[in-house]
Amino acid sequence: MLSPLKRQVKALLEMLRRRRSARQLKQTQRHVRRADLVADLARLGIAPGDAVFVHSSLKSLGYVDGGAEAVVQALQEAVGPEGTVVIPTYYMPGGSIRGTCELTDYVFDVRKHGTNMGRLPETFLAGTGIHRSVHPTHSVSAWGRHATYLTEAHHRAPSVFGEGSPWQRFVGLEQAKVLGLGISMGPVTFYHVLEDALGEAFPVAIWEDQRFLLPCLDQQGQRWEVPLRPFVTNATQRRIDHPSRADLRAYFKAEFRRAGLLTEGQVGDAASWFIPARGFYDHLQQMAGKRLTIYATPEELAAYPQD
Ligand SMILES: CC(C)(COP(=O)(O)OP(=O)(O)OC[C@H]1O[C@@H](n2cnc3c(N)ncnc32)[C@H](O)[C@@H]1OP(=O)(O)O)[C@@H](O)C(=O)NCCC(=O)NCCS
């Protein structure tokens, strides 16, 4: 544990680093305004009333006047008052589910803990009207029409992505879209919904046998014991978000494009995309029937070559 003084120095250095990096972007990148982002999102196909689950890279958008706040506002404006914005605000102090389960004395506190998922999630979490799920590794935040529904039951879900989790509820919403802003098809949590729905019938052995209960505190300070089961290391090391799996990311992108489910476009300067959640889920299920999963080996991919 860092002493309070060391923590303060670290925070100050981080603030200075961020300022420097933002200054540099401001001088070198095209400037993008909130209104540009709203127009680009609409052109991409994000419509009023949509529920969007957003994975993002802020710096890929160009230099956004108004920073991450402007992006959050643009997303809210794009879906409108009847829409919903959902953003992963995970806090995973151990770096992984396994690492977090091994921490002694860790109690997730939804009122206190931030997120290490990037600048947009940090900003979103600090905003107003945000509902946040109570979960020791995968806490999700939401704004808008379905925000309460999506986040209220996560701590009671039998598994991270299972019944009652934000993802499992998200699939069932009309107009639900998984949206990537400047990211590949790697860091997309949505894939895991199918795994938890299929359980042992999922075609790859991805979980450790060991299960954990991690304590969490909700908004009222009530304590919950939330179940977790780590992924086995040899699965995560060949998963679609692993740096070594550009082949799998390219395969999935081409597959969803071919299936007519992937819509691609530009938001600011960022190559962006979305996939409707129901179609995403159903297609993942079809693919899993052929062992084409986010853990597929090059040999498994080669069994179903793409033109
Ligand atoms: C890892 C990841 C967040 C990195 O993307 P990134 O753009 O470098 O980082 P952020 O989105 O946090 O944005 C911060 C960067 O924006 C840039 N930035 C700062 N002000 C900015 C502005 N006004 N306009 C545009 N960019 C700005 C800075 O370069 C900053 O980087 P710094 O922290 O080094 O200063 C991204 O690649 C990713 O994977 N996103 C998905 C995360 C996720 O949803 N994970 C869950 C599933 S596993």
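Look up: the structure comes first, before these words.
Owing to the predicted nature of the structure, the values given are computational and were not obtained by experimental measurement.

A. Representation of the overall build of the protein within the structure. Helix and strand counts for the protein stand at 12 helices and 12 strands. In terms of C-alpha radius of gyration, the protein reaches 19 Å, essentially the compact-globule figure of 19 Å for 307 residues. When burial is assessed residue by residue, the protein has 49% of its 307 residues classed as buried. Taking as baseline every contact in the protein between residues at least 6 positions apart, the subset at least 24 positions apart corresponds to 70%. As presented, the protein carries roughly 14,800 Å² of accessible surface, and 51% of it is formed by carbon and sulfur atoms. Taken as two groups, the 36 positive and 31 negative side-chain charges of the protein have centres that lie 7 Å from each other.

B. Here's a closer look at the layout of surface pockets. Here the largest pocket defines a volume of roughly 710 Å³. Lining the largest pocket are 32 residues; nearest its centre among them are Tyr90, Met92, His138, Arg239 and Asp241. Put simply, the parts of the chain that give the lining of the largest pocket at least two residues each are β2 (51-56), β4 (84-88), α4 (97-101) and α9 (233-236). At 3 residues, β2 tops the list of elements feeding residues into the lining of the largest pocket. The computed volume of the second largest pocket comes to approximately 560 Å³.

C. Seen up close, the pattern of salt bridges. Following the criterion strictly, the structure yields 22 salt bridges and no others. In this structure, Glu255 engages Arg258 in a salt bridge whose closest nitrogen and oxygen atoms are separated by 2.8 Å. One end of the pair is Glu255 and the other is Arg258, both in helix α10 (residues 246-258) and 3 residues apart, which spans about a single turn.

D. Spotlight on the site of the ligand. Residues in contact with the ligand amount to 21 residues; listed here are only the nearest, Ser21, His55, Ser57, Lys59 and Arg119. A distance of 2.8 Å separates an oxygen atom of the ligand from a polar atom in the side chain of Lys59. With the chains in place, 76% of the 970 Å² that the ligand exposes on its own is no longer accessible. With respect to the detected pockets, the ligand is housed in the second largest pocket. Those elements that provide at least two residues to the shell around the ligand are α1 (4-28), β2 and β3 (63-64). Here the element with the most residues in the shell around the ligand is α1; it accounts for 4 residues. Of the residues contributing to the shell around the ligand, the split by class is 10 nonpolar, 8 polar and 3 charged.

E. Fine view of the environment of Glu174. Structurally, the position occupied by Glu174 is in the loop between α7 (166-171) and β8 (176-181). Sequence separation of Glu174 and Phe202 is 28 residues, and the distance between their C-alpha atoms is 26 Å.

F. Quick look at the state of the cysteines. Counted according to the given criterion, the structure contains 0 disulfides. Its sulfur unpaired, Cys216 is 11 Å from the next cysteine sulfur, which belongs to Cys101. A relative accessible area of 0% places Cys216 in the buried class.

G. A look at the sheet that holds strand β10 (residues 223-228). Read from one edge to the other, the open sheet built from 3 strands follows the order β5-β9-β10, with strand pairing classed as mixed. Edge positions in the open sheet fall to β5 (108-109) and β10, since each of these has one partner strand only. Relative to β10, strand β9 (residues 212-217) is paired through 6 bridges, and the arrangement is antiparallel. If you follow Leu213 over to β10, its bridge partner there is Pro227.

H. Molecular detail of the nonpolar core. One finds Phe170, Met185, Phe190, Tyr191, Phe252, Phe256 and Phe280 to be the most contacted residues of the largest nonpolar core, which totals 60 residues. What Phe170 contacts, discounting residues up to four positions off in sequence, is Ala51, Val52, Phe53, Val86, Leu150, Ala176, Lys177, Val178, Phe190 and Ala277. The next biggest cluster of nonpolar side chains, apart from the first, holds 28 residues, and it includes Leu41, Ala70, Val71 and Val79.

I. Representation of helix α3 (residues 67-79). If you check α3, its first and last C-alpha atoms are 19 Å apart, about what 13 residues at 1.5 Å a residue would give, namely 18 Å. Taken together, the buried positions of α3 are occupied by Ala68, Ala70, Val71, Val72, Ala74, Leu75, Gln76, Ala78 and Val79. Following α3 by one or two positions, Gly80 has its phi on the positive side, about 75 degrees.

J. Representation of the pairing of β9 within the structure. Across the 6 residues of β9, 5 count as buried, placing the element largely inside the fold. As consecutive antiparallel partners, β9 and β10 are separated by 5 residues, and within that stretch Gly221 has a phi angle of approximately 85 degrees, a positive value.

K. A look at α10. Its 13 residues place the ends of α10 18 Å apart at the C-alpha level, agreeing with the 18 Å of an ideal helix rising 1.5 Å per residue. Of the residues making up α10, those classed as buried are Leu248, Arg249, Tyr251, Phe252, Glu255 and Phe256. Axial view of α10: buried residues confined to an arc of 160 degrees, hence all on one face. Once α10 finishes, Gly260 follows within two positions and takes phi at roughly 75 degrees, a positive value.

Parameters and conventions
- Residues numbered from 1 in each chain as written.
- Predicted model: local features only at pLDDT ≥ 70, side-chain atom pairs only at ≥ 80, totals over all residues.
- Heavy atoms only, no water.
- Helix = DSSP H or I, 4+ residues; strand = E, 2+ residues; numbered from the N terminus.
- Rg over C-alpha atoms; globule rule 2.2 N^0.38 Å.
- Buried < 20%, exposed > 50% of the residue type's maximum accessible area, 1.4 Å probe, protein only.
- Contact = heavy atoms within 4.5 Å.
- Areas by Shrake-Rupley, 256 points an atom, 1.4 Å probe, with all protein chains shown as cover.
- Lys, Arg positive; Asp, Glu negative; His and termini not counted.
- Charge placed at Lys NZ, Arg CZ, Asp CG, Glu CD.
- 1 Å grid on protein atoms, 1.4 Å probe; cavity = no way out; pocket = protein on both sides within 12 Å on 5 of 7 lines; lining within 4 Å.
- Points joined across faces, edges and corners; volume = space filled by probe spheres on them.
- Salt bridge = Lys/Arg side-chain N within 4 Å of Asp/Glu carboxyl O.
- Near = heavy atom within 4 Å.
- Polar contact = N/O pair within 3.5 Å; in protein donor to acceptor, adjacent residues only side chain to side chain.
- Sits in = over half its atoms within 2 Å of the grid points.
- Nonpolar A, V, L, I, M, F, W, Y, C, P; charged D, E, K, R; others polar.
- Disulfide = S-S within 2.5 Å.
- Pairing = 2+ DSSP bridges.
- Core = buried A, V, L, I, M, F, W, Y, C linked by side-chain atoms within 4.5 Å.
- Expected span 1.5 Å × (residues − 1).
- Arc of directions from axis to C-beta.

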